[in-house]
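Examination of the molecular architecture
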Amino acid sequence: MTTLHKDSLQQRLEESMKTLPSALQSAIAPLINEQFTGVIAKEQFLSLLSQSELSDKELRLALLPLAAAFSVAPISNFYVGAIARGVSGDLYFGANMEFSNVQLGQTIHAEQSAISHAWIHGETGILDITINFSPCGHCRQFMNELTTADSLMVQLPERDEKSLQEYLPESFGPKDLGIEGGLLAKVSHKLTFESNSPLLITAFEAANRSHAPYSKNFSGVALEMNNGNIYSGMYAENAAFNPSLPPLQVALVHANMSREALSEIKKAALIEDHKGAISHLAITTCTLKDLSPNMVLEYVSL
Ligand SMILES: [Zn+2]
């Protein structure tokens with residue numbers, strides 16, 4: 001299954017390459033190999049800018065089909081790509097992910113994917129996001145949770161760049177609930193836990209980095225694939241509650257952008273703070289069982 005997924009992703013990337021301006025095609029070709037996981041370092045981006053002779057905006061827009069190639073959309077067949085630029089200047093691809101047989105609330109939007117991808121890599125804010133379709137209301141609200149929500153710029157094809165606040169006038173956000181900081185702020189909740197299991201330690205570290213100022217459900221998920229690779233996800237809570245992105249979803253973004261097939265999940269771990277007002281256990285179990293029916297979930301309530 002892994003090979004099939006890799007082949008089809010690589011095929012989609014190579015098909016998408018054909019849509020790029022020819023100077024960009026040759027400049028980016030060495031990057032788009034089987035190890036490409038949708039991260040373009042600042043230096044690589046600057047090099048692509050000079051080789052392609054495109055503007056910053058033109059280059060980001062040109063790269064969107066490559067981001068959308070990571071889409072998993074068995075329900076809508078609607079492929080959305082997003083590129084988030086972290087405060088470090090590095091760029092992170094994201095794409096929408098849909099899951100058959102589970103409720104639609106489990107869906108991950110491309111903007112959530114790109115932002116989670118940047119967070120996993122340690123970014124503490126997002127400077128701008130480039131998307132191939134207008135951001136839905138859910139994503140505008142999700143992005144309003146970011147540390148950089150007041151300065152975040154949004155770029156769409158054939159549009160002038162606008163700020164998130166122009167897309168979301170009179171917005172409601174963390175400050176309305178007295179919360180300082182925001183999503184992607186560097187935090188440690190000082191939870192403590194001891195284990196020899198790399199899977200549990202990974203889930204625990206994710207819980208310590210999670211953003212859950214409303215429910216206090218500091219939580220993290222780790223996924224171990226049949227090939228032994230482990231991916232983590234932190235909970236990303238939202239002031240408007242419903243646009244919150246559960247820790248499983250962030251871990252699934254991590255695995256998907258790392259070119260893994262989700263049916264290859266062998267083990268999973270969910271760790272959450274028992275003092276939180278909610279629990280992810282039931283929905284995490286349900287979605288994981290559907291993706292990989294034989295996987296084993298370990299659960300720790302701290
Ligand atoms: Zn959306």
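Residues numbered from 1 in each chain as written. Predicted model: local features only at pLDDT ≥ 70, side-chain atom pairs only at ≥ 80, totals over all residues. Heavy atoms only, no water.

Each regular strand displays side chains that alternate between the two surfaces of the sheet. Most of strand S3 (residues 91-95) sits inside the fold, with 5 of its 5 residues counted as buried. Along S3, one buried face is formed by Leu 91, Phe 93 and Ala 95 and the opposite face, lined by Tyr 92 and Gly 94, is buried too. Judged from the 2 bridges that link them, strand S1 (residues 39-40) and S3 form a sheet pairing that is antiparallel. Bridge pairing in S3 links Val 39 to Tyr 92. One ladder, built from 5 bridges, connects strand S2 (residues 81-86) with S3; its direction is antiparallel. By the bridge assignment, Ala 84 is partnered in S3 with Tyr 92. Hairpin connection, S2 to S3: the antiparallel pair is bridged by 4 residues, and Gly 89 has positive phi, about 100°. (Buried < 20%, exposed > 50% of the residue type's maximum accessible area, 1.4 Å probe, protein only. Helix = DSSP H or I, 4+ residues; strand = E, 2+ residues; numbered from the N terminus. Pairing = 2+ DSSP bridges.)

Spatially, S8-S7-S9-S10 is the arrangement adopted by the 4 strands of the open sheet, whose pairing is mixed. Bordering the open sheet on either side are strand S8 (230-234) and strand S10 (296-301), each of which pairs with just one other strand. Sheet twist, expressed as the mean angle between neighbouring strand axes with direction ignored, is 15°. Sheet topology places strand S7 (residues 219-225) next to strand S9 (residues 265-272); 7 bridges connect them, and they run antiparallel. Across the sheet, residue Ser 219 finds its bridge partner in S9, namely Glu 272. The strands that helix H8 (residues 198-209) touches are S7, S8, S9 and S10; relative to S7, the one it contacts most, it runs at about 150°. Sheet strands touched by helix H9 (residues 247-257): S7, S8 and S9. Its angle to S8, the strand with the most contacts, is close to 140°. (Axes fitted to C-alpha atoms, helices over the stretch in contact; angles between N-to-C directions. Contact = heavy atoms within 4.5 Å.)

This part covers the domain arrangement of the protein chain. Under the domain assignment, the protein chain is made up of domain 1 (37-177) and domain 2 (198-301). Between domain 1 and domain 2, the C-alpha centre-to-centre distance is 21 Å. Tallying the contact residues gives 29 residues for domain 1 and 30 residues for domain 2. A buried area of about 2500 Å², summed over both sides, lies between domain 1 and domain 2, and 68% of it is on carbon and sulfur atoms. Linking domain 1 with domain 2 are 0 salt bridges. The interface formed by domain 1 and domain 2 holds 8 residue pairs in polar contact (both at pLDDT 80 or more) in total. Secondary structure elements with two or more residues in the side of domain 1 that touches domain 2: S3, helix H5 (110-120) and helix H6 (137-143). In terms of residue count, H5 provides more of the side of domain 1 that touches domain 2 than any other element does, 6 residues in total. (Domains from an automatic or database assignment. Buried area = accessible area lost by both parts, 1.4 Å probe. Salt bridge = Lys/Arg side-chain N within 4 Å of Asp/Glu carboxyl O. Polar contact = N/O pair within 3.5 Å; in protein donor to acceptor, adjacent residues only side chain to side chain.)

If you look at the biggest cluster of nonpolar residues, it comprises 78 residues, and the most contacted ones within it are Ile 28, Leu 63, Phe 93 and Leu 252. There are two domains that each give this core at least three residues, and those are domain 1 (37-177) and domain 2 (198-301). In contact with Ile 28, other than residues within four places in its own chain, are Met 17, Leu 20, Leu 48, Leu 63 and Leu 66. (Core = buried A, V, L, I, M, F, W, Y, C linked by side-chain atoms within 4.5 Å.)

The next thing to look at is the pattern of salt bridges. A full pass over the atoms with the stated rule returns 7 salt bridges. A salt bridge links Asp 56 to Arg 85; the shortest N-O distance between them is 2.7 Å. Here the residue Asp 56 occupies a position in helix H4 (residues 56-68), and Arg 85 occupies one in strand S2, the gap between them amounting to 29 residues. Here the salt bridges do not stand alone but share partners, grouping Asp 56, Arg 60, Arg 85 and Asp 128 into one network.

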